[in-house]
Every structure is written in structure tokens, then in C-alpha cells.
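Observations on the model geometry
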Amino acid sequence: MSDPSIRHATVADIDAVLAFWGEAAEGKSISDDHAGVARLIERDPEALLLAELEGVLVGTVIAGFDGWRCSAYRLAVHPGHRRRGISRALLAAAEDRFAALGGRRVDAMVLVRNESAHHAWSAAGYGPEEKWRRWVKPLTG
């Protein structure tokens, strides 16, 4: 298998990304809509990374950096392309971005029930930090 090409998403990719997440991502985020992804791309055009094989979308990760923390979201690989190094390539690209921006540590949100994701994150050198719990408050109705 050839290595995936990694590139930044553009506004033209939004519909394909949303369809991809519907098929490949575990769970749904409050921001998983056209406006949410467009806002991400407009605010930080290099944050949403796409992995492609022969022009076909096979993986995504959001590599968000707010100037203080590096955060990885929406790491997803198409079910038919898992266990082929795509998540590793996406995370390497995200980590390169973070390092270039001066980041020091990556935080990733991973669903507790998503056991296969735990294996992928662990294989990439990440581990859970059990002393923390995520607290959320939706800002929309």
C-alpha cells in the first residue's frame, strides 16, 4: 500500500468531510455541520488535515492550536482502510504542525467506549490521563 497524501481541507471539502465522518467517525459532535466546519477552516485553514489515497478521502484529524494547547479531534479512518498506518500519518502531520507552532503537549479527546481508537492512540504513543474529566456546556439551544 502506498502512503496517504496529507493535505489541509478547504471549504470545497466540507460536504465530503461531513459525509466521511458520518461513515467513519465514532459519535457526532455539536459542530459536525457545514457552518461548524466552515468556521474551523476560515479561522485556522491548516487545522483540518485530510488523508487521501489516490484522491479518495480515507482519514481526518483536526489539529487545533490556540497558542497555548495543542488539541487533536476527529481522528477518523475509513473502516476499509484501518490498520494501514493512516492514523499514524495523520498524527505525525498534526504533531509536526504543533511543533512548528511551539506546542509542547497534545491533548486528544477519545470516547471511552471506542476501544479500537484506544489502540490507535496508544500505538502512536498517547496514553489516558485518568485524573482529568472533561466538563462541557453547549452554548446553543
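Preceding this section is the structure that the text describes.
Read on for a plain summary of the structure.

Scoring rules and cut-offs
Residues numbered from 1 in each chain as written. Predicted model: local features only at pLDDT ≥ 70, side-chain atom pairs only at ≥ 80, totals over all residues. Heavy atoms only, no water. Helix = DSSP H or I, 4+ residues; strand = E, 2+ residues; numbered from the N terminus. Polar contact = N/O pair within 3.5 Å; in protein donor to acceptor, adjacent residues only side chain to side chain. Contact = heavy atoms within 4.5 Å. Phe/Tyr/Trp six-rings, centres within 6.5 Å; stacked < 30°, edge-to-face > 60°. Lys NZ or Arg CZ within 6 Å of the ring centre and 35° of its normal. Pairing = 2+ DSSP bridges. Axes fitted to C-alpha atoms, helices over the stretch in contact; angles between N-to-C directions. Salt bridge = Lys/Arg side-chain N within 4 Å of Asp/Glu carboxyl O. Buried < 20%, exposed > 50% of the residue type's maximum accessible area, 1.4 Å probe, protein only.

Before going further, it helps to spend a moment on the side chain of Arg74. Relative to the helices and strands, Arg74 resides in strand β4 (residues 70–77). Here the side chain of Arg74 touches Asp32 through a polar contact of 2.4 Å, side chain to side chain. Those residues in contact with Arg74 that sit more than four places away from it in its chain are Trp21, Ala25, Glu26, Gly27, Lys28, Ser29, Asp32, Thr60, Val61 and Ile62.

Under the counting rule described, the total for this entry stands at one aromatic pair. The lysine or arginine in question, Arg74, covers the ring of Trp21, its NZ or CZ lying 5.1 Å from the ring centre.

Here we come to the sheet that holds β4. Spatially, β1-β2-β3-β4-β5 is the arrangement adopted by the five strands of the open sheet, whose pairing is mixed. Only two strands of the sheet have a single neighbouring strand rather than two, namely β1 (5–8) and β5 (106–108). Averaged over neighbouring strand pairs, the angle between their axes works out to 30 degrees when direction is ignored. As judged from the six bridges shared by strand β2 (residues 48–53) and strand β3 (residues 56–65), these two strands associate in the antiparallel manner. When the bridges of β3 are listed, Leu48 appears paired with Ile62. Contacting β1, β2, β3, β4 and β5, helix α3 (residues 86–100) crosses the sheet at an angle of about 30 degrees to β3.

Bringing the environment of Ser2 into the picture now. The topology assignment puts Ser2 in the segment before β1. Note: C-alpha distance between Ser2 and Leu53 (51 residues apart in sequence) is 7.7 Å.

This part takes up the pattern of salt bridges. In the structure shown here, the tally under the stated rule is seven salt bridges. A salt bridge links Arg113 to Glu26, with the nearest nitrogen and oxygen atoms 3.2 Å apart. Residue Arg113 is located in the loop between β5 and α4 (115–123), and its partner Glu26 is located in the loop between α1 (14–24) and α2 (34–43); the two are separated by 87 residues in the primary sequence. Residue classification places Glu26 among the partly exposed positions, given a relative accessible area of 37%. Asp44 is paired through a salt bridge with Arg97; the nearest N and O atoms lie 2.3 Å apart.

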